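# Architecture and fold: a report
In case you want the letters, here they are:
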Amino acid sequence: MGCNRTIVWFRRDLRIEDNPALAAAAREGSVLPVYIWCPTEEGQFYPGRVSRWWLKHSLAHLSQSLKSLGAELVLIKTHSTLAALLECINAIQATKVVFNHLYDPVSLVRDHNIKGTLVEIGLSVQSYNGDLLYEPWEIYDEMGHAFTTFEPFWNRCLQKQVAAASLIPPWQLIPAKGAVKKCSIEELELEDELEKSSNALLGRAWSPGWSNADKALTEFIEHHLLHYLKNRLKVGGDSTSLLSPYLHFGELSARKVFQLARMKQILWANEGNITGEQSVTLFLRALGLREYSRYLCFNFPFTHERPLLGNLRFFPWNSDLANFKAWRQGRTGYPLVDAGMRELWATGWIHNRIRVIVSSFAVKFLLLPWRWGMKYFWDTLLDADLECDILGWQYISGSLPDGHELERMDNPEIQGVKFDPEGEYVRHWLPELARMPTEWIHHPWDAPLTVLRAAGVELGLNYPKPIIEVDLARQRLTEAIFKMWETEAGSSDETNEVVVDNTNVVQNSAIPKVVLKKTPCASISSNDQKVPTLQNPKNVVSLDKKRSKGMEEGVQNQSSLQNHKNDAEVSSNDQGMCSTSESSSSKKQKSATCASTCTFSVPQQCSSSSELKRPWQEQIDMEQSSSKDGTIGS
Ligand SMILES: Cc1cc2nc3c(=O)[nH]c(=O)nc-3n(C[C@H](O)[C@H](O)[C@H](O)COP(=O)(O)OP(=O)(O)OC[C@H]3O[C@@H](n4cnc5c(N)ncnc54)[C@H](O)[C@@H]3O)c2cc1C
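Quick caveat, the model's predicted, so the values are computed rather than measured. (Residues numbered from 1 in each chain as written. Predicted model: local features only at pLDDT ≥ 70, side-chain atom pairs only at ≥ 80, totals over all residues. Heavy atoms only, no water.)

### With respect to the overall build of the protein
- A count of helices and strands for the protein gives 27 helices and 5 strands.
- Working note: accessible area of the protein is about 24800 Å², and carbon and sulfur atoms make up 53% of it. (Helix = DSSP H or I, 4+ residues; strand = E, 2+ residues; numbered from the N terminus. Areas by Shrake-Rupley, 256 points an atom, 1.4 Å probe, with all protein chains shown as cover.)

### So, the confidence of the model for the protein
- On average, residues of the protein carry a pLDDT of 79, and 76% of them reach 70 or more.
- Confidence drops under pLDDT 50 across residues 493-631; counting only partners more than four residues distant or on other chains, this segment forms 302 contacts. (pLDDT = per-residue confidence, 0-100. Contact = heavy atoms within 4.5 Å.)

### A closer look at the sheet that holds strand β5 (residues 124-128)
- Overall, parallel pairing links the 5 strands, which are arranged β3-β2-β1-β4-β5 in an open sheet. Pairing within the sheet leaves two strands with one partner each, and these edge strands are β3 (74-77) and β5. Pairs of neighbouring strands in the sheet enclose a mean axial angle of 25°, with direction left out of account.
- Here strand β2 (residues 29-37) pairs with β3 via 4 bridges, running parallel. (Pairing = 2+ DSSP bridges. Axes fitted to C-alpha atoms, helices over the stretch in contact; angles between N-to-C directions.)

### Thoughts on the site of the ligand
- Close to the ligand lie 28 residues, the nearest being Tyr-228, Thr-240, Ser-241, Leu-242 and Asn-352.
- Taking Leu-243, its main chain carries an N or O atom lying 3.0 Å from an oxygen atom of the ligand.
- Asn-352 is positioned such that a nitrogen or oxygen atom in its side chain is 2.7 Å from an oxygen atom of the ligand.
- When isolated, the ligand has an accessible area of 810 Å², and the protein chains bury 97% of it. (Near = heavy atom within 4 Å. Polar contact = N/O pair within 3.5 Å; in protein donor to acceptor, adjacent residues only side chain to side chain.)

### A few points about the nonpolar core
- The biggest cluster of nonpolar side chains holds 145 residues, and the ones touching the most others in it are Phe-315 and Trp-327.
- At 11 residues, helix α12 (residues 274-299) tops the list of elements feeding residues into this core.
- Once residues within four sequence positions are removed from consideration, Trp-327 is found in contact with Thr-332, Val-337, Met-341, Val-358, Phe-361, Ala-362, Leu-366, Leu-368, Gly-373, Tyr-376, Phe-377 and Trp-393.
- Residues Leu-85, Ile-92, Leu-123 and Ala-176 belong to the second largest nonpolar core, which totals 21 residues. (Core = buried A, V, L, I, M, F, W, Y, C linked by side-chain atoms within 4.5 Å. Buried < 20%, exposed > 50% of the residue type's maximum accessible area, 1.4 Å probe, protein only.)

### Observations concerning the pattern of salt bridges
- Applying the stated rule across the entire model yields 25 salt bridges.
- Taking the shortest distance from any N to any O, the salt bridge between Glu-151 and Arg-285 comes out at 2.3 Å. Here Arg-285 lies in helix α12 and Glu-151 lies in helix α6 (residues 150-159), a separation of 134 residues in the sequence.
- Put simply, Lys-56, Glu-186, Glu-191, Glu-193 and Lys-196 are held in one network by salt bridges that share partners. (Salt bridge = Lys/Arg side-chain N within 4 Å of Asp/Glu carboxyl O.)

### Structural notes on empty space enclosed by the protein
- In total, this model carries 12 cavities of 30 Å³ or more according to the counting rule given.
- In this structure, the largest cavity spans a volume of roughly 910 Å³.
- Considering the residues around the largest cavity, the lining is formed by 38 residues, among which Ser-244, Ala-286, Asn-352, Arg-355 and Cys-388 are closest to the centre.
- Counting residues per element, the ones that place at least two in the lining of the largest cavity are α10 (244-248), α12, α16 (352-365) and α18 (386-396).
- A per-class count over the lining of the largest cavity returns 21 nonpolar, 10 polar and 7 charged.
- Taken as a whole, the second largest cavity encloses approximately 360 Å³ of empty space. (1 Å grid on protein atoms, 1.4 Å probe; cavity = no way out; pocket = protein on both sides within 12 Å on 5 of 7 lines; lining within 4 Å. Points joined across faces, edges and corners; volume = space filled by probe spheres on them. Nonpolar A, V, L, I, M, F, W, Y, C, P; charged D, E, K, R; others polar.)

### Observations concerning the packing of aromatic side chains
- Using the criterion set out here, one finds 30 aromatic pairs in the structure.
- With a centroid separation of 5.8 Å and an interplanar angle of 65°, the aromatic rings of Trp-54 and Trp-206 are classed as edge-to-face. Linking Trp-54 in helix α3 (residues 49-69) with Trp-206 in the loop between α7 (196-205) and α8 (210-224), this pair joins segments that are 152 residues apart in sequence. Take Trp-54 and Trp-206: they sit in the same class, and that class is buried.
- Each residue in the set Tyr-134, Phe-150, Phe-153, Trp-154, Tyr-292 and Tyr-295 is aromatic and connected to the rest through ring pairs, giving one cluster.
- Sitting above the plane of the Phe-324 ring, Arg-328 keeps its charged end 4.9 Å from the centroid. (Phe/Tyr/Trp six-rings, centres within 6.5 Å; stacked < 30°, edge-to-face > 60°. Lys NZ or Arg CZ within 6 Å of the ring centre and 35° of its normal.)

### Re the layout of surface pockets
- In this structure, the largest pocket spans a volume of roughly 600 Å³.
- Broken down by secondary-structure element, the contributors of at least two residues to the lining of the largest pocket are α7, α8, α15 (335-347) and α20 (424-429).
- By residue number, the principal contributor to the lining of the largest pocket is α8, which donates 6 residues.
- Of the residues that constitute the lining of the largest pocket, the class distribution is 13 nonpolar, 9 polar and 4 charged.

### Some points on unusual backbone geometry
- One non-glycine residue, Glu-189, lies in positive phi territory at about 55°.
- Within the secondary structure, Glu-189 sits in the loop between α6 and α7.
- Within the chain, Leu-367 stands out as a residue other than glycine whose phi angle is a positive 55°.
- Among the structural elements, Leu-367 can be located in the loop between α16 and α17 (370-380).
- The class for Leu-367 is buried, based on a relative accessible area of 8%.

### Describing the packing of helix α14 (residues 321-329) against α17
- At a minimum axis distance of 12 Å, the contact between α14 and α17 shows a crossing angle of 35°. The handedness of the crossing between α14 and α17 is right-handed. For the pair α14 and α17, contact is made by Leu-321, Phe-324, Trp-327 and Arg-328 and by Trp-372, Gly-373, Tyr-376 and Phe-377, respectively.
- Partitioning the contact of α14 with α17 into residue classes produces 6 nonpolar, 1 polar and 1 charged. (Left-handed = near helix turned anticlockwise from the far one by under 90°.)

### Some details on the packing of helix α11 (residues 254-271) against α12
- Where α11 contacts α12, the axes come no closer than 8 Å and their chain directions differ by 160°. Comparing their axes, α12 and α11 come out roughly antiparallel. Crossing angle aside, the handedness with which α11 passes α12 is left-handed. Facing α11, whose interface residues are Ala-254, Val-257, Phe-258, Ala-261, Arg-262, Gln-265, Trp-268 and Ala-269, α12 presents Gly-276, Glu-277, Val-280, Thr-281, Phe-283, Leu-284, Leu-287, Arg-290 and Glu-291.
- Across the contact of α11 with α12, the residue classes tally to 10 nonpolar, 3 polar and 4 charged. (Parallel < 35°, antiparallel > 145°, perpendicular 65-115°, else oblique.)

Given below as structure tokens:
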């Protein structure tokens, strides 16, 4: 046992097991476990209601576990994380601060600054990989460039060894001596008084906390993993692992999940159980997407500075508040979309397939600014995770070389038949359609009047007519894309950077707030429904380097659209990528030098536009021959 007095700064690693920062501190002397809640520093990414509910319960759980090991978790609410840490350092005369890495923009900048200051005052600071199988700076192609498509990224990952999870937690913690000003879990104010009644319902379905995460993982590995191949596309029920909130808050170590699943795979391979083997391959691939989300954000950090869809900067969004409200409330008239949005509101969680369907509908049918949709997800998902959310919205909006094309429009009616063939999911979430025969459940507007009457459905009265016809939506999307290209072609003066992203105009408009519950006393969290602010709008970057291969259901003038798009893929956009990469690169360089030990090594290949341009373009070419359907939306 060493003689360090170490502060273990907990963030999104709320577990005891396989927690490298906690384990290192416990080995080296006495510890002060600390959780610092600093709402002002969260900025535009202040967590939503259900996410804060989860955090509160997870912290309470962790606090109990640490107490049973001998050290109390100190909870602090503050306006400055650095100031709070310095107070803790003074209080216990700490010699060291340890924590596990985070990769989201708010944390990256904050951690970099804090590390710099602590090192300057002579403290030892050490950070660890507690969140990922592979650090984002460990995976590059042969040229040393960052991957921009998922498959090659994941193939490269699988060639590397995953570090073994350390499954034996510290058996005892020596508490550091000293009086620290702390608060109770209630004083953190993670939950407004008025949110409590709605939140109570969440507790029926979910049990936050690291040991519950462990149980959920065991249950999944033992009983459901085998059928993941077949079940994962079912939109209702627990067809997937439901581990995302646990993984987001670090209540589960990704290494442990990987390790247990991999062990099953080896077992099933030996038994010749092909279904089992393939199920594990797909499940590990899902974990790979989580890795990839962090990888993209780290290596192409402009997705943080101006999150998502730089390529759409000229897109003529239709910032229609009434449409946005109808989408949020599940009143679009498209049963599958509405069922998904109502499930999201009621439970804080929806299946990946439904996420793809409802987000695509918002962007492609309603032409709503993607940031409104993303922020709504951020506010309402239990597993709201910036990197995964960014990846998801980029995937559906044509911003990833291997995602959906911008022109692609999926018809919710057809998707309903495909993913909810019996209509059970829709009936569950839309009681007003409960008596509709399966034949019409996904397109009630086509049903004969007699059928509607027998089912008690009056379109326009107790269930809305479609908010927009499919053909009209398709036509509007096509027009919008044309307009986007025209505007883009007309603004050839790159140096002038007259970037017209009308999301800037709409971002401050008064977006209707989420009403928790329509009771006389209900009020609204001031953080609901704020749309993320676009930082540095002048430097908006186009990411759209993809050559589209046409829409699923055929848009008119496709070939001319295609040609135009290819022409419009100006290489000058790489300039923007470069500038952001450079800034981030230097950020990382500073970060690497400021800490006494490892952390963010600098991916050197991101330092110039020419270097960036080539792999990206190569990927576009590669993408021409790659499969389109299934990376994230599978
Ligand atoms: C528009 C959109 C927004 C999304 N926002 C989020 C979000 O805020 N937080 C979040 O955790 N996931 C998000 N996802 C990804 C995905 O929908 C969820 O991770 C998944 O549905 C969680 O269910 P599960 O734990 O049962 O997943 P499983 O299928 O059991 O997968 C296991 C784990 O792999 C990871 N994973 C699976 N699919 C994906 C994916 N497509 N992208 C990234 N990681 C994945 C998750 O950590 C998940 O828990 C989003 C997807 C879309 C299309």
